[in-house]
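Here are the chains, one letter per residue:
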Amino acid sequence: MLELKHALWELEKVVDIVQLDNFFQIYLGKKGLLNEEFKVMIDLAPEAKKERGAQLSEIKTKLTEAYEAKQQHFKMGQINEQLEKDLVDISLDATTQHGSYSILAEVRRDAEEICKSMGFVMEYGTEVVTKFENFESVNIPLTHPATEMHDTIYLNDKDPRGENLILRTHTSSMQNYLIKKYGLPLKAVVPGRTYRFENMDASHDTMFYQMEGIVIDKDISVAHFKEMITKLLSALLHKNVETRMRPWYFPFVEPGFEIDVRYEVYNKETGKKELSNWMEILGAGMIHPNVLKEAGVDATQWSGFAFGVGISRLAAVRYGIKDIRYFTNGDLRFAKSFA
Ligand code: DAH
C-alpha cells in the first residue's frame, strides 16, 4: 500500500532531473502508483473507501508539492549554472579589451573638448539639410556657380518648400540654425560629417569631417579672429603654430581668408630646428551681412567671424598622413598602427 512517508523518502534520494522524471512516472504519472491506488479504492466498502480516499488525496497533494519544490530546485540550479558560465568579469583590466577609437574620432573628440574649454557651445546638427540651409542661408543663391562645387546626394524626401532634401556639403549649413536657436551673442562649433560628389584623391573624399565655428558679438574684428584661430589651431595641432591669412573668396564671408599654418620642425639631417612650409588649413572670414540678415540679425549692430576646418586635414597634419582615404578605407594595418 502506498505510504506518504515512503514516497517522500524516495523523493529525497533523487539527485537530478532525470531521476526526478522517473519518480514522477512511478508515483504521480497517469499509470503511476497513486492512480493505481485510486482504482483499487473503488472496490472498497463505503466507509473504508471514504477513509482511503481522504488519505490518498492528502498523499497526492503533499507529494505533488514536494515534487514541484524539488523540480524548482533543479531548475534554479540549471539557471545558476548557466549564469556562472555567462559571467563577464567587469573588473578585468580595460587594456585587455580589443578595439580603439579611429584616429579621426580621436582628433574630433579632442577638438570638441578644446572648443568647449574655450567657451564654445557644441552641436552636431543634422546631416540631412534643406537647400535653404546648405546654400541660400549662407548667401549662395541656388543659381550660383558655387553650388557646382557642392554637388551632393539628393534625397527623395522634400522640405516644406517642396525642394528635395540633401546631404550637407559643409557644416556652414548649420550657421542659420545655430543663430536662431541660441540667439546672440553666439560662440558655437559644429563638428560632423559632410558629403560631396568628388573625384577621390589623396586629399578629397566623398565623405569627410569638418568643424564649423561661428562667433557673433558686438564690435568683433579680424584681429579677434586672428588671435583666436592661432590659439585654437595650436591646441588642435598640439604645436605652437604661426598663422598667415590670405584673401580668398567664400560667398558667406566678406572679407574671406584662407589660413595657413607653419610651425617648428626638427631637421634630422642638419640636426637643427627650422620652420615648416606654410600649409593651408582652413577657410574663414567675417560673416557676410546677408547671412546675418537671413537669420534675422541686425547687421548694423552685430558682427562676427566664421571658420570651417577639415578634421581629416587636422588629423593628417597632426600625424603626418599623406592620404586621407586611409582614414575610412578600413585598412587594418593603418588602423592598428594608431590603436
Ligand atoms: N564651408 C567651407 C567649405 O566647406 C569652409 C568655410 C570657409 C567655412 C570659410 C567658413 C568660412 O565658415 O568662413 O569649403
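The structure displayed is predicted, hence computed values, not measured ones. (Residues numbered from 1 in each chain as written. Predicted model: local features only at pLDDT ≥ 70, side-chain atom pairs only at ≥ 80, totals over all residues. Heavy atoms only, no water.)

### Notes on helix H2 (residues 17-28)
- The end-to-end C-alpha distance of H2, which contains 12 residues, comes to 15 Å, matching closely the 16 Å that a straight helix rising 1.5 Å per residue would cover.
- When we look at burial in H2, the residues that qualify are Leu-20, Phe-23, Tyr-27 and Leu-28. One side of H2 holds all its buried residues, which, seen down the axis, span an arc of 75°. Of the residues in H2, the exposed ones pointing more than 90 degrees away from the buried face are Val-18 and Gln-25.
- Where H2 is buried, its residues meet helix H1 (4-13), helix H3 (33-41) and helix H4 (46-86).
- Regarding H2, its N-cap is Asp-16, as a side-chain oxygen of that residue lies 3.1 Å from the backbone nitrogen of Val-18 further along. (Helix = DSSP H or I, 4+ residues; strand = E, 2+ residues; numbered from the N terminus. Expected span 1.5 Å × (residues − 1). Buried < 20%, exposed > 50% of the residue type's maximum accessible area, 1.4 Å probe, protein only. Arc of directions from axis to C-beta. Contact = heavy atoms within 4.5 Å. Polar contact = N/O pair within 3.5 Å; in protein donor to acceptor, adjacent residues only side chain to side chain.)

### Section: the packing of aromatic side chains
- Tallying each qualifying case throughout the model produces 9 aromatic pairs.
- Aromatic side chains Phe-225 and Phe-257 sit 6.2 Å apart centroid to centroid with 15° between the ring planes, which places their arrangement in the stacked category. Of this pair, Phe-225 sits in helix H9 (residues 222-237) while Phe-257 sits in strand S8 (residues 253-267), and the two are 32 residues apart along the sequence. This pair shows no difference in class: Phe-225 is buried, exactly as Phe-257 is.
- Measuring from centroid to centroid gives 5.1 Å for Tyr-326 and Phe-334, while their planes differ by 15°, and the two rings are stacked.
- Among the aromatic side chains, those forming a connected cluster through ring pairs are Tyr-319, Tyr-326, Phe-327, Phe-334 and Phe-338.
- The ring of Phe-120 has Lys-187 lying over it, and the distance from NZ or CZ to the ring centre is 5.0 Å.
- Across from the ring centre of Trp-302, 4.5 Å away, lies the NZ or CZ of Lys-218, which sits over that ring. (Phe/Tyr/Trp six-rings, centres within 6.5 Å; stacked < 30°, edge-to-face > 60°. Lys NZ or Arg CZ within 6 Å of the ring centre and 35° of its normal.)

### Digging into the domain arrangement of the chain
- By the assigned domains, the chain splits into domain 1 (4-86) and domain 2 (103-337).
- Here domain 1 and domain 2 have C-alpha centroids that lie 77 Å from each other. (Domains from an automatic or database assignment.)

### Regarding the site of the ligand
- Neighbouring residues of the ligand: 15 residues in total, closest His-170, Ser-172, Arg-196, Gln-210 and Glu-212.
- At 2.7 Å, a side-chain N or O of Arg-196 approaches an oxygen atom of the ligand.
- At a separation of 3.1 Å, an oxygen atom of the ligand approaches a polar backbone atom of Ala-306.
- When the ligand sits alone it has 360 Å² of accessible area, and the protein chains cover 92% of it.
- For the shell around the ligand, the secondary structure elements donating two or more residues are strand S6 (207-217), strand S10 (279-287) and strand S11 (303-310). (Near = heavy atom within 4 Å. Areas by Shrake-Rupley, 256 points an atom, 1.4 Å probe, with all protein chains shown as cover.)

### What to know about the sheet that holds strand S4 (residues 164-167)
- Strands sit in the order S2-S4-S3 across an open sheet of 3 strands; the sheet is antiparallel. Every other strand in the sheet has two partners, leaving strand S2 (128-129) and strand S3 (154-158) as the edge strands with one partner each. (Pairing = 2+ DSSP bridges.)

### Looking at the pairing of S3
- As paired elements, S3 and S4 share 2 bridges and run antiparallel to each other. Note that in S4 the partner of Tyr-154 across the bridge is Ile-166.
- The antiparallel pairing of S3 with S4 creates a hairpin that spans 5 residues between the two strands, and Gly-162 there sits at a positive phi of about 90°.

### A closer look at the pattern of salt bridges
- The final tally for this structure, using the stated rule, is 19 salt bridges.
- Among the ionic pairs, Glu-112 bridges to Arg-108, the shortest N-O distance being 2.8 Å. Residue Glu-112 and its partner Arg-108 are both found in helix H5 (residues 103-117); the two are separated by 4 residues, about one turn of the helix. Grouping residues by exposure puts Glu-112 and Arg-108 together as buried.
- One continuous salt-bridge network, built from bridges that share partners, spans Lys-131, Glu-136, Arg-161 and Glu-163. (Salt bridge = Lys/Arg side-chain N within 4 Å of Asp/Glu carboxyl O.)

### Looking at the nonpolar core
- If you look at the biggest cluster of nonpolar residues, it comprises 43 residues, and the most contacted ones within it are Leu-233, Ile-281, Leu-282, Phe-307 and Phe-327.
- Of all the secondary-structure elements, those providing two or more residues to this core are H5, strand S5 (186-195), S6, H9, S8, S10, S11 and helix H11 (311-319).
- Element by element, the count of residues in this core is highest for H9, at 7 residues.
- Apart from the residues within four sequence positions on either side, Ile-281 is in contact with Leu-233, Leu-237, Ile-259, Asp-260, Val-261, Val-309, Gly-310, Arg-313, Leu-314 and Val-317.
- Counting residues in each nonpolar core, the second largest holds 24 residues, with Ala-146, Ile-179, Val-190 and Val-297 among its members. (Core = buried A, V, L, I, M, F, W, Y, C linked by side-chain atoms within 4.5 Å.)

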